[in-house]
Amino acid sequence: MKKNKLLLNGFLLLAVLIFSSACDVLDTIKTFPVNIPMSVTFSTSGSNSSMVQSSTFCVNQNETYLQYKDDISELTYVEAAIRTISYSPSDVRGDIVLKVYDPLGNVLFKEVLEDVSPGDYMNTPYVITLNTDEFNTLNSYLQQALESGGDICMTAEFSMNITQGSAPYSFEGALDIAFEAKTTL
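What you are looking at is a predicted structure, and each value in this text was computed from that prediction instead of being measured.

What counts and how
- Residues numbered from 1 in each chain as written.
- Predicted model: local features only at pLDDT ≥ 70, side-chain atom pairs only at ≥ 80, totals over all residues.
- Heavy atoms only, no water.
- Core = buried A, V, L, I, M, F, W, Y, C linked by side-chain atoms within 4.5 Å.
- Buried < 20%, exposed > 50% of the residue type's maximum accessible area, 1.4 Å probe, protein only.
- Helix = DSSP H or I, 4+ residues; strand = E, 2+ residues; numbered from the N terminus.
- Contact = heavy atoms within 4.5 Å.
- Pairing = 2+ DSSP bridges.
- Axes fitted to C-alpha atoms, helices over the stretch in contact; angles between N-to-C directions.

> Please explain the nonpolar core as it appears in this structure.
Soluble globular proteins tend to bury their nonpolar side chains together. Counting residues in hydrophobic clusters, the biggest one holds 41 residues, and the most contacted among them are M154 and F179. Put simply, the parts of the chain that give this core at least two residues each are β1 (31-46), β2 (50-58), β3 (72-88), β4 (93-101), β5 (107-116), α3 (132-148), β7 (153-164) and β8 (169-184). It is β8 that contributes the most residues to this core, six residues altogether. Sequence-distant contacts of M154, that is, excluding residues within four places in its chain, are made with S55, T56, F57, V59, V100, Y101, L108, L138, Y141, L142 and F179.

> Would you mind going over the sheet that holds β2 with me for this structure?
If you walk across this open sheet you meet the four strands as β2-β7-β4-β5, and the pairing is antiparallel. The sheet is open, and its two borders are formed by β2 and β5, each paired with just one other strand. Strand-to-strand twist in this sheet, taken as the mean axis angle between neighbours without regard to direction, amounts to 10°. Of the strand pairs in this sheet, β4 and β5 are connected by seven bridges, and their pairing is antiparallel. Its bridge partner lying in β5, I96 is registered against L113. Strands in contact with α3 are β5 and β7; relative to β5, the strand with the most contacts, it is inclined by about 140°.

What is shown is where atoms sit, not what they do.
Shown next as structure tokens:
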């Protein structure tokens with residue numbers, strides 16, 4: 001009798017483990033990640049040795065976001081990169097600063113490239129590495145904005161302080177940024 005009871009308890013334990021694992025698998029199947037890529041372009045020119053341009057972009061106006069908007073439960077930052085589309089003169093160099101702000105003007109992240117040529121990033125974009133604070137700040141903003149149901153907008157500000165090259169100057173570039181939305185079926 002003890003043997004049957006022990007066998008029955010072992011069988012019940014095994015059934016519980018299998019059932020709970022199956023629920024985890026079902027939960028995993030019910031959710032899936034969706035990548036939301038965006039590009040923000042910058043174009044500036046002139047004779048001043050300091051050029052600045054900003055552009056506002058809204059994640060919730062992205063076509064992919066709109067396709068899944070009713071099923072998104074979480075929104076997180078994946079990766080960002082700066083790339084050059086065109087520039088002149090060919091020998092221009094300087095310090096590039098990229099800042100991304102929330103709608104209240106809080107800096108979500110900042111990247112500084114010192115003494116660079118824009119040509120360095122034409123064929124190979126510069127991948128931005130966020131520190132832990134920037135990563136957490138950006139993801140916190142994204143989640144709060146998602147949960148509030150309002151716009152999920154940011155402003156990207158590009159500036160270049162030119163240290164080499166003759167005027168007039170021109171620069172066209174882009175911030176490519178990717179987010180991931182956790183969606184449910």
